[in-house]
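Residue-level listing of the chains:
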Amino acid sequence: MDLHCIAFLMRVACVSCHTVAAQMSLEDCCTNGQGHGVDKQECASLPLISESTNCRIAQEQCCMAALEDTSCTQGINMAKDEGDCKSLLSGSSCETKTARVCETLSTDTMFMFATNDRSSSGVSELCFLAAGKCSQRCLGNGTCGCLKGYKLKPDGHSCEDINECLLGSYNCRAGERCINTVGSYRCQRVVSCGTGYELTESNICKDVDECETGTHNCGPELECQNTQGSFRCRPRVRCGSGFIQDALGSCIDINECLSQTAPCPSGQLCINTVGSYTCQRNTVNCGRGYHLNEDGTRCVDVDECQGPDAACGGHGCINQLGSYRCECRAGYAFNSISRSCDDINECRHYPGRLCAHKCENTVGSFQCSCTPGFKLASDGRNCDDVNECESSPCSQECANVYGSYQCYCRRGYQLSDVDGVVCEDIDECALPTGGHICSYRCHNTPGSFHCTCPELGYSLAPNGRNCQDIDECVTGTHSCSVTESCFNIQGGFRCLSFECPTNYRRSGEARPRVERSDIIRCVKSCQPNDISCILDPVHSVSHTVISMATFRDFSKPEEIVFLRTMQPASFSMGVPDIVFDILEGNEHNYFDIIKRYEHGMTVGVVRQVKPIIGPLHVVLKLAMNYVTSGVVSHRNIVNVHVFVSEFWF
């Protein structure tokens, strides 16, 4: 199939492939065009499937390629059956070209069949059997082959064109692009030949003869003369001797006295005339530095030093025969060409030797200057450092350095990025680590900062940054009655009163202050005839209190309560197994309880498994169940009062 029409398109599309709309690739556009060409047998009414120009071009070219493939198949079949494709030449240049190419392919194929017939009888029989199915060549062993520039299709007998341009197997020079042709490719210049040239079929730039083609703009009084890449308009009328013709054809007189070297003999003067010149004898002519005497018969010296023009411009003047010489002042030098005193640029003649820093030339002298940060010394040449700090240029501290100064700031301030002079306060609270400078709140002050804690329940630690809890139960600042126990929590206190339930009595005395490790225990005490009390499996009811801070970075379970039993861990028959359980208070599943063995004893561990944001008060009702043969023989209840503070400290 002839795909040379889309070879250049695919090269361009590869360059701009990243800009094609993601919803319609060039392959999809080409597939749509091929399907339309096969189904409709025309490409004039292609549907608009994308706004992309590259997609539209691919759609059109692939549709045309499908039509050419159909024409090629018809040409091959007709060439095989009738020997030519004349009936397919409908006048369309594209169809004519396609049919002729296909005719050539079919002729080559039939030629290969004829050649194979002249071989040995075994091979001839194979080729004869294969000749009906090989589209181009029979290899003599019952298999088909293709001509150069084609490859065998998967069906084993049809050949298709190799697109050297897409495969990169072409050999075009720089400045040329590859264009695929049937069975081969050709190289075409990318850059045009330029004005006055045209590109031939052999890819060569050829001069355009504007005079022959009539594309010149010469007037009727001018005639065209072709040149390489252009043309010239020449006057039809020729000028005579002594004249030159301009671009408009007019004849202009030639001044022979200026255009020729000494047209007249020595001692004679050349005078130009229209179309020629004449020579006249010279009169007395004095050279430079001389003038005629009063009689006009001879030349005498001119005393330039006595003239009103002041030949040396205020400098000393010495007259010489036919000339003069100037005696220049210091800072000037005599110019023998202009015969005047020119200023000497000392800075250029003696670079780096006159001034320590910068040298500026002046008329007849020079002047030294210093770079910023220095001042001219008393000798007018060297430079001394200026102590800028004496003028207090900095808002806080100043350090003089050689040729400049450096401002710096006291602690808590930083130098401004704008002028490098003003010290600006550092807002420590706004720094990336500002959130960790103070436990609670950070307050910026000029040159420093200070931390504060919540108004109630906390005091500032000696380091001035952390907040520490005030134990109101120890300091006596609580408001609990004599019948209540004070329990300190983070940032406050709680007045607790634990009463034992009916049929239970308190083990131990009431305490005015409850510590974290304290346990208030109520044990069962039944009346002798109280059967329901005796059968109740709950042997004891205990209370304990813990205070927790809100975890700022909660990443793993935290162990908060340990229920230790007095029973050794045992897996023997008849020995009760201890099962721990949370009966109440865990509605949000903040906690769980697990069993483990430590030092041969059974321990129940209550863990916080989810982050808790305080303030929060929750009572966890825990059960220690003693199970024998699957039946709870008795249990102990532990009520854990959990107080979670609002803050992390």
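Residues numbered from 1 in each chain as written. Predicted model: local features only at pLDDT ≥ 70, side-chain atom pairs only at ≥ 80, totals over all residues. Heavy atoms only, no water.

As annotated in an unreviewed UniProt entry, the protein chain carries the name Fibulin-1 and comes from Scleropages formosus. UniProt annotates the protein chain under Function (unreviewed entry) with the comment "Incorporated into fibronectin-containing matrix fibers. May play a role in cell adhesion and migration along protein fibers within the extracellular matrix (ECM). Could be important for certain developmental processes and contribute to the supramolecular organization of ECM architecture, in particular to those of basement membranes." Its UniProt record gives the protein chain the following Subcellular location (unreviewed entry) comment, quoted word for word: "Secreted, Extracellular space, Extracellular matrix". (UniProt positions renumbered as here; feature names shortened; annotations may be inferred.)

## So, the pairing of strand 26 (residues 404–408)
With 5 bridges joining them, strand 25 (residues 397–401) and strand 26 adopt antiparallel strand pairing. Of the residues in strand 26, the one forming a bridge with C398 is C407. (Pairing = 2+ DSSP bridges. Helix = DSSP H or I, 4+ residues; strand = E, 2+ residues; numbered from the N terminus.)

## Topic: helix 2 (residues 26–40)
Here helix 2 is 15 residues long and its end C-alpha atoms lie 21 Å apart, about the 21 Å a rise of 1.5 Å per residue gives. Buried residues of helix 2: L26, C29, C30, G33, H36 and G37, and no others. On an axial view of helix 2, the arc spanned by its buried residues comes to 125 degrees, and they lie on one face. Seen from the open side of helix 2, the exposed residues pointing more than 90 degrees away from its buried face are E27, V38 and D39. (Expected span 1.5 Å × (residues − 1). Buried < 20%, exposed > 50% of the residue type's maximum accessible area, 1.4 Å probe, protein only. Arc of directions from axis to C-beta.)

## Things to note about the state of the cysteines
What the rule picks out here adds up to 29 disulfides. Between C165 and C178 runs a disulfide, and the two sulfur atoms are separated by 1.9 Å. Taking the sign of the S-S torsion, about -75 degrees here, the bridge from C165 to C178 comes out left-handed. One end of the pair, C165, is in helix 6 (residues 164–167); the other, C178, is in strand 5 (residues 176–181), with 13 residues separating them in the sequence. For the pair C165 and C178, one class covers both residues: buried. Each disulfide pairs two cysteine sulfurs, and for C257 the partner residue is C270, the sulfurs being separated by 1.9 Å. Disulfide C257-C270: torsion about the S-S bond near -75 degrees, hence left-handed. Here C257, found in helix 8 (residues 256–259), pairs with C270, found in strand 13 (residues 268–273); they are 13 residues apart in sequence, far enough to count as distant. (Disulfide = S-S within 2.5 Å.)

## Remarks on the nonpolar core
Judged by nonpolar contacts, the single largest core of 21 residues is most densely connected at L563, F591, V606, L620, L622, V640 and V642. In terms of residues, this core owes the most to one element, strand 43 (residues 616–628), which gives 5 residues. F487, F498, V514 and F643 belong to the second-largest nonpolar core, a separate cluster that totals 8 residues. (Core = buried A, V, L, I, M, F, W, Y, C linked by side-chain atoms within 4.5 Å.)

## Quick look at the environment of I204
Along the chain, the position of I204 falls in the loop between strand 7 (197–199) and strand 8 (205–207). Exposure remark for I204: the relative accessible area of 49% places this residue in the partly exposed category. The spatial distance from the C-alpha of I204 to the C-alpha of C193 is 8.6 Å, given a sequence separation of 11 residues. Sequence-distant contacts of I204, that is, excluding residues within four places in its chain, are made with E198 and L199. (Contact = heavy atoms within 4.5 Å.)

## Digging into the UniProt feature "domain: EGF-like" (unreviewed entry) in the protein chain
UniProt's entry tags residues 343–384, 385–419 and 425–468 with the feature "domain: EGF-like" (unreviewed entry), counted in the numbering of this structure. Taken end to end, residues 385–419 is 0% helix and 40% strand, and its first and last C-alpha atoms sit 22 Å apart.

## Remarks on the sheet that holds strand 39 (residues 558–568)
Taken in spatial order, the 3 strands line up as 39-42-41 in an open sheet, and their pairing is antiparallel. Whereas interior strands pair on both sides, the edge strands pair on one side only; in this sheet they are strand 39 and strand 41 (591–598). Strand-to-strand twist of the sheet, defined as the mean angle between neighbouring strand axes without regard to direction, takes the value 20 degrees. Here 8 bridges tie strand 41 to strand 42 (residues 601–608), and the two strands are oriented antiparallel to one another. (Axes fitted to C-alpha atoms, helices over the stretch in contact; angles between N-to-C directions.)

## Quick look at the packing of aromatic side chains
Enumeration according to the criterion identifies 11 aromatic pairs in this entry. Aromatic pair Y440 and F649: ring centres 6.1 Å apart, planes at 75 degrees, arrangement edge-to-face. Of this pair, Y440 sits in the loop between strand 28 (423–425) and strand 29 (441–445) while F649 sits in the segment after strand 44 (631–644), placing them 209 residues apart in sequence. Classification of Y440 by relative accessible area gives partly exposed; the value is 27%. On the numbers, 5.2 Å between centres and 5 degrees between planes, the contact of F647 with F649 is stacked. (Phe/Tyr/Trp six-rings, centres within 6.5 Å; stacked < 30°, edge-to-face > 60°.)

## Quick notes on unusual backbone geometry
With an omega of 5 degrees, the peptide bond running from G614 to P615 counts as cis. For P615, the location among the structural elements is in the loop between strand 42 and strand 43. With a phi close to 55 degrees, H599 is a non-glycine residue in the positive phi region. Inspection of the secondary structure puts H599 in the loop between strand 41 and strand 42. The exposure class of H599 is exposed, given its relative accessible area of 83%. Positive phi outside glycine occurs at S629, with the angle close to 55 degrees.

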